[in-house]
Protein chains: 2
Amino acid sequence: MTGWLAIAGLGPGNEALITPEVSSALAEATDVVGYIPYVARVAPRSGLTLHPSDNRVELDRSRHALEMASQGRRVVVVSSGDPGVFAMAAAVFEAVEAGPAPWCDLDIRVLPGITAMLAASARAGAPLGHDFCTINLSDNLKPWSVIEKRLRLAVEADFAMAFYNPRSKARPEGFERTLKLLQSCCEPGRLILFARAVSTPDEALTVVPLAQATPEMADMRTMVIVGSSRTRMIDRTGPPIIYTPRSVPQ
Amino acid sequence: MTGWLAIAGLGPGNEALITPEVSSALAEATDVVGYIPYVARVAPRSGLTLHPSDNRVELDRSRHALEMASQGRRVVVVSSGDPGVFAMAAAVFEAVEAGPAPWCDLDIRVLPGITAMLAASARAGAPLGHDFCTINLSDNLKPWSVIEKRLRLAVEADFAMAFYNPRSKARPEGFERTLKLLQSCCEPGRLILFARAVSTPDEALTVVPLAQATPEMADMRTMVIVGSSRTRMIDRTGPPIIYTPRSVPQ
């Protein structure tokens, strides 16, 4: 049996957002590896071993998956969203580079998925319809000074901004600082979207002007999107639509 | 009949990357509207009218789709990739805002898709595995000075950068300027990925150090991803893997 490793994105939560490519890989797999709540999204079946593991053990999990693939197993590492955006793909390649030489020549494929910012953007309208940036607000793996510098430069560039991992119980202060920084250098009417658990039964979307945003509006299941200076809201009977026009005037 | 409008992403080209949500919308539609090559990806069937239109008529196309939905038809506007990233979603909302008041209360949904940068990133490894920005290099709808400013600030922020629409026959000079700017302010070994026609039979991936990049390496079917200063390459027997580690040292 020739082993392989697929690093697959399960999308934001709804089954209808999982690509057929990912479903096929899961159907052929002998082993599924990942963070507990993501592995729980894979239906058990005969011949498939599920290997759920805890958060923050990404390198151990990667080595385990690579080891099994090198022994001939067909392994899928699952992430929510897209595996290439603040998820397992980079962790697996870190483990490949630091691991035994034969790991480099394994059959490793990354299978893209619908990442949280695009699912959130779609539900709210099109806030990422013009140039934007994507920042992980967790300072577990980078100093806070780097995050702050990137926020200031992103405002100067007038990018819309998508924030992953805005706030956890262990790090409540980072998002508070982020809001203070943005409130100090953006106009008070700048639109900000809090999109929680998009595409699941818990989905909740809130759009407020930046001046009214508070840290408690975000948790780890929330995707935050800050508009550019040109992002607009269409008021209507249903939920509001926010979008960023395609053009910047001369 | 109650009309609706879905703005759907067909992904980068391969059928296996179209979400079930988008396939369902296409199966229920009475009309499909979009740029000629994207409409050509939808299989004709009885009861479905295809409305292909030329490039650069996004607002006319949007108004046509909205008009049909308001008359009770079930309309899908198709984009390649994700409709919210430099595609039809923002154009439709521009048309909604400028159009007759009842258009605001139509049933309009955006159905996300696998956008080109995430498909390209997946094929090459994980170059967008850390903070990044996404810039449309076309200056059709914004002045070149805005693009240049954003490029300089993105380098200063040390974002990886994903470029859409890098180069067309009508605009060959923009990408040349982009490369010159990046070559003047990044180290020569900075990695750059040219990913053409990802997931189609024409797929071709090239990774070179920035010093060796030339304008001819890109065309309108190419997604360009410039690594951050920390993006790395794993040399191996198969195609190279590039990835951006998850961490920035203190």
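Residues numbered from 1 in each chain as written. Chains lettered and ligands numbered in written order. Predicted model: local features only at pLDDT ≥ 70, side-chain atom pairs only at ≥ 80, totals over all residues.

> I'm lost on the domain arrangement of chain A in this one. Help?
Much of the literature gives interface size as the accessible area that the parts lose upon coming together. Residue and element names in this part refer to chain A. Examined at the domain level, chain A breaks down into domain 1 (4-114) and domain 2 (117-243). Summarising the inter-unit geometry, the C-alpha centres of domain 1 and domain 2 are found 28 Å apart. Between domain 1 and domain 2, the contact holds seven residues from the first and ten residues from the second. Split into classes, the residues belonging to the side of domain 1 that touches domain 2 amount to five nonpolar, two polar and no charged. (Domains from an automatic or database assignment. Contact = placed C-beta atoms within 7 Å. Nonpolar A, V, L, I, M, F, W, Y, C, P; charged D, E, K, R; others polar.)

> Got a minute to help me understand the sheet that holds strand β5 (residues 108-111) of chain B in this structure?
Across a sheet, paired strands are connected by hydrogen bonds in the backbone, their directions being either parallel or antiparallel. Residues and elements named next belong to chain B. Read from one edge to the other, the open sheet built from five strands follows the order β3-β2-β4-β1-β5, with strand pairing classed as parallel. Two strands bound the open sheet, and with one partner strand each, they are β3 (49-53) and β5. On average, adjacent strands in this sheet sit at an angle of 20° to one another, irrespective of strand direction. (Pairing = 2+ DSSP bridges. Helix = DSSP H or I, 4+ residues; strand = E, 2+ residues; numbered from the N terminus. Axes fitted to C-alpha atoms, helices over the stretch in contact; angles between N-to-C directions.)

> Looking at this model, I keep getting lost on the nonpolar core. Mind explaining?
In a soluble, globular protein the nonpolar side chains are often hidden away together inside. Counting residues in hydrophobic clusters, the biggest one holds 162 residues, and the most contacted among them are A:V77, A:L193, A:I225, B:V77, B:L193 and B:I225. Residues within four places of A:L193 in sequence aside, it is in contact with A:A120, A:A124, A:P127, A:L205, A:V207, A:V224, A:I225 and A:I242. (Core = buried A, V, L, I, M, F, W, Y, C linked by C-beta atoms within 7 Å. Buried ≥ 20, exposed ≤ 12 C-beta atoms within 10 Å, placed from the backbone.)

> Quick question: what am I supposed to make of the interface of chain A and chain B here?
Counting residues at the interface gives 59 residues for chain A, matched by 59 residues for chain B. Residues belonging to the side of chain A that touches chain B are distributed by class as follows: 34 nonpolar, 13 polar and twelve charged. Pairing of strand β7 (residues 132-136) of chain A with strand β7 (residues 132-136) of chain B, which is carried by three bridges, proceeds in the antiparallel orientation. Across the sheet, residue A:F132 finds its bridge partner in β7(B), namely B:T134.

> Which parts of the structure should I look at to understand the environment of A:E21?
Position of A:E21 among the secondary structure elements: in helix α1 (residues 20-28). Owing to 24 C-beta atoms within 10 Å, A:E21 belongs among the buried residues under this scheme. Between the C-alpha atoms of A:E21 and A:A197, which are 176 residues apart in sequence, the distance is 23 Å. In contact with A:E21, not counting residues within four places along its chain, are A:L111, B:A16 and B:L17.

> Hey, could you run me through the relation of the copies chain A and chain B in this one?
What connects the two chain copies is a rotation about an axis and a shift along it. With an RMSD of 0.0 Å, chain A superimposes on chain B once it is rotated by 180° and translated 0.0 Å along the axis. The superposition operator between the copies reduces to a two-fold rotation axis. Residue A:C133 of chain A places its C-alpha closer to the rotation axis than any other residue of that unit, at 2.0 Å. Taken together, the interface assignments show that 100% of the residues at the interface of chain A recur at the interface of chain B, consistent with an identical surface on both copies. (Least-squares fit on C-alpha atoms with pLDDT ≥ 70 in both.)

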